[in-house]
Structures are given as C-alpha cells and as structure tokens.
Amino acid sequence: MANEVSQLKDLLIDVLEDVGGCTDASAELALSRTSREFLRKTEIWKEKLSINIVADQQEYTLTPSSGGIVQRITGVKVKNESSTTDFEKLNSLSEDYYTFEDPRTFKFDINHIPTYSKSGGMQIEIVITPRYNSPELPEWVIERYAEGLAAGAKARLMSSRNKPYYDPSEAARNQSLYHGAVTMALNEKRRNRKTAIKGFSA
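These numbers were taken from a predicted model, which means no experiment stands behind them. (Residues numbered from 1 in each chain as written. Predicted model: local features only at pLDDT ≥ 70, side-chain atom pairs only at ≥ 80, totals over all residues. Heavy atoms only, no water.)

**Observations regarding the overall build of the protein chain**
Reasoning step 1: What the protein chain contains, in helices and strands, is four helices and eight strands.
Reasoning step 2: Summarising its shape, the C-alpha atoms of the protein chain cover approximately 65 × 30 × 30 Å along the three principal directions.
Reasoning step 3: Here the protein chain, with 202 residues, has 43% of them falling under the buried criterion.
Reasoning step 4: With the model as given, the accessible surface of the protein chain reaches about 11,000 Å², and the carbon-plus-sulfur share is 45%.
Reasoning step 5: Charge-centre separation for the protein chain: the mean point of 27 positive side chains lies 5 Å from the mean point of 28 negative side chains. (Helix = DSSP H or I, 4+ residues; strand = E, 2+ residues; numbered from the N terminus. Buried < 20%, exposed > 50% of the residue type's maximum accessible area, 1.4 Å probe, protein only. Areas by Shrake-Rupley, 256 points an atom, 1.4 Å probe, with all protein chains shown as cover. Lys, Arg positive; Asp, Glu negative; His and termini not counted. Charge placed at Lys NZ, Arg CZ, Asp CG, Glu CD.)

**Let's talk about the nonpolar core**
Reasoning step 1: If you look at the biggest cluster of nonpolar residues, it comprises 47 residues, and the most contacted ones within it are F38, L62, F106, M122 and I124.
Reasoning step 2: For this core, the elements supplying multiple residues, two or more each, are α1 (12-16), α2 (24-42), β2 (46-53), β4 (69-78), β6 (105-108), β7 (118-129), α3 (139-158) and α4 (168-194).
Reasoning step 3: At 10 residues, the largest contribution of residues to this core is made by α3. (Core = buried A, V, L, I, M, F, W, Y, C linked by side-chain atoms within 4.5 Å.)

**Brief notes about the confidence of the model for the protein chain**
The predicted coordinates should not be examined in detail at positions where pLDDT is low.
Reasoning step 1: Of the residues in the protein chain, 94% reach a pLDDT of 70 or more, and the chain-wide mean stands at 91.
Reasoning step 2: Ignoring residues within four places in sequence, the model shows residues 195-202, a span with pLDDT below 50, making 23 contacts including any to other chains. (pLDDT = per-residue confidence, 0-100. Contact = heavy atoms within 4.5 Å.)

**So, the side chain of K79**
Reasoning step 1: With respect to the secondary-structure elements, K79 resides in the loop between β4 and β5 (98-100).
Reasoning step 2: Looking at K79, its side chain comes within polar contact range of the main-chain oxygen of T85, at 3.2 Å. (Polar contact = N/O pair within 3.5 Å; in protein donor to acceptor, adjacent residues only side chain to side chain.)

**Some details on unusual backbone geometry**
Reasoning step 1: Phi angles above zero are rare outside glycine, and E43 is one such case at about 55 degrees.
Reasoning step 2: Relative to the elements of secondary structure, E43 occurs in the loop between α2 and β2.
Reasoning step 3: Residues other than glycine seldom take positive phi values, yet D56 does so here, at roughly 65 degrees.
Reasoning step 4: Here D56 lies in the loop between β2 and β3 (59-61).
Reasoning step 5: For D56, a relative accessible area of 55% gives the class exposed.

**Here's the deal with the packing of aromatic side chains**
Reasoning step 1: Considering all chains together, one arrives at six aromatic pairs under this definition.
Reasoning step 2: Centroid distance F38 to Y178: 6.3 Å. Interplanar angle 55 degrees. Geometry classified as tilted. Of the two residues, F38 is situated in helix α2 and Y178 in helix α4; the sequence distance between them amounts to 140 residues.
Reasoning step 3: On the basis of relative accessible area, F38 is assigned to the buried category, the value being 0%.
Reasoning step 4: On the basis of relative accessibility, which here comes to 1%, the residue Y178 falls in the buried class.
Reasoning step 5: Taken together, the ring pairs connect Y60, Y98, F106 and F108 into an aromatic cluster.
Reasoning step 6: It is K79 that lies over the ring of F87; its NZ or CZ is 4.6 Å from the centre. (Phe/Tyr/Trp six-rings, centres within 6.5 Å; stacked < 30°, edge-to-face > 60°. Lys NZ or Arg CZ within 6 Å of the ring centre and 35° of its normal.)

**Observations concerning the pairing of β7**
Reasoning step 1: Most of β7 is tucked away, with 11 of its 12 residues classed as buried.
Reasoning step 2: As paired elements, β2 and β7 share seven bridges and run antiparallel to each other. Bridge pairing links L49 to I124 in β7.
Reasoning step 3: Where β4 meets β7, eight bridges bridge the pair, whose relative direction is antiparallel. Looking at the pairing, V76 lines up with I124 of β7. (Pairing = 2+ DSSP bridges.)

**Concerning the packing of α2 against α3**
Reasoning step 1: Where α2 contacts α3, the axes come no closer than 8 Å and their chain directions differ by 120 degrees. Once α2 is placed against α3, the crossing between them reads as right-handed. Across the interface between the two elements, S26, A27, A30, L31, R33, T34, S35, E37, F38 and L39 from α2 touch V141, Y145, L149, A150, G152, A153, R156 and L157 from α3.
Reasoning step 2: The residue inventory of the contact of α2 with α3, partitioned by class, reads 11 nonpolar, four polar and three charged. (Axes fitted to C-alpha atoms, helices over the stretch in contact; angles between N-to-C directions. Left-handed = near helix turned anticlockwise from the far one by under 90°. Nonpolar A, V, L, I, M, F, W, Y, C, P; charged D, E, K, R; others polar.)

In structure tokens, the structure reads:
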C-alpha cells in the first residue's frame, strides 16, 4: 500500500452533523479510538520490511515506514548467504526461529542466528496499528472505510450518558454499521489471502 496519510479530522463533518452538541475534540478522540480498534480487529494495515542481515546479530529494530506501531509479525523470510531467489518464492520461517518481544524488537532464537551478513537479506511482514490517539491514518484506509469509521465514532459518542447527544437507539444502529465495516474488511482480507502467492498473506 502507498504511504500517503490522511487526517482523521477529514471525517469530522460526517460525525458532527449527526451528533448535535458534540465538540470537535470529543469527535476527534472518538474517531481516533475507533480507528485504532478497527485496525487491531481487522489487521488490514500491513507492511513488508526489508532488513539487512548482520552476521551473528540476534536482535533487530522494526520501524514501519508508514508510521504507527507494530502489532505483530505475520511472516519472516530469510535468504541464505548466496541466495538470489525472490522473497515471493521463499517460505516463511517457523515461529520457533524468532520472537517478537515488544513493539519494536525482532529477536532470533539463539540457535538460529544467521552467521553471515547480507544486504536486504531478510523480509519481515508486520501488522501495524495507529499510535494511541494518533490523528492520522493511511489514506487508503479512510478512503475505503470512511463510513464505517464515522459510524463507530458516532456509536461511541451516542453511548455517552449525561451528554446531550446520548441516544442508545442511534448508537446501536451506528454500531451495527461499524461492525458491518469490520466484517467487510475481514472478508476482503480472506479473499486476498486465498489468491496470494505461497508465503506471505496478501
């Protein structure tokens, strides 16, 4: 996916026109928390990192080029010292070969540390989630799921008791729309996985 980002505030008008009396700040917070939950549930924001292998180095720092933080690793491919094979033709390593210890650190098992150096010799596929209260998302996420994200934010706001916009009926309706967007994203991911080349999922 491209690395262009969009501001969540671009969805504000969709939220505020249905949630009378809500402040911009409250709506932005609801959008931020909804989008973070959405991406944690669907795991549709992914990136394949190219890593330079350093001989006998056990730990590597993972830094998504598209922002956000690493939620988990979904695949690791390593070329041997003389390999010129494309990553697409390699199988992913078993999870016994490595651990993911925090949002930034990949660590080889002590018995599987490469003893050679190779530029771009490792490819790690990661799932990314936004940083807490981040005001940004990848542009393609907002373009594809804007209605669902706005509905999720509305549901959060309309579920707030003692607020002028408290409306459990409308909250339930919007929550259903949000869950529909989650389901759509998961179904699209499954379809992509079925047609993916052997190795990493799409």
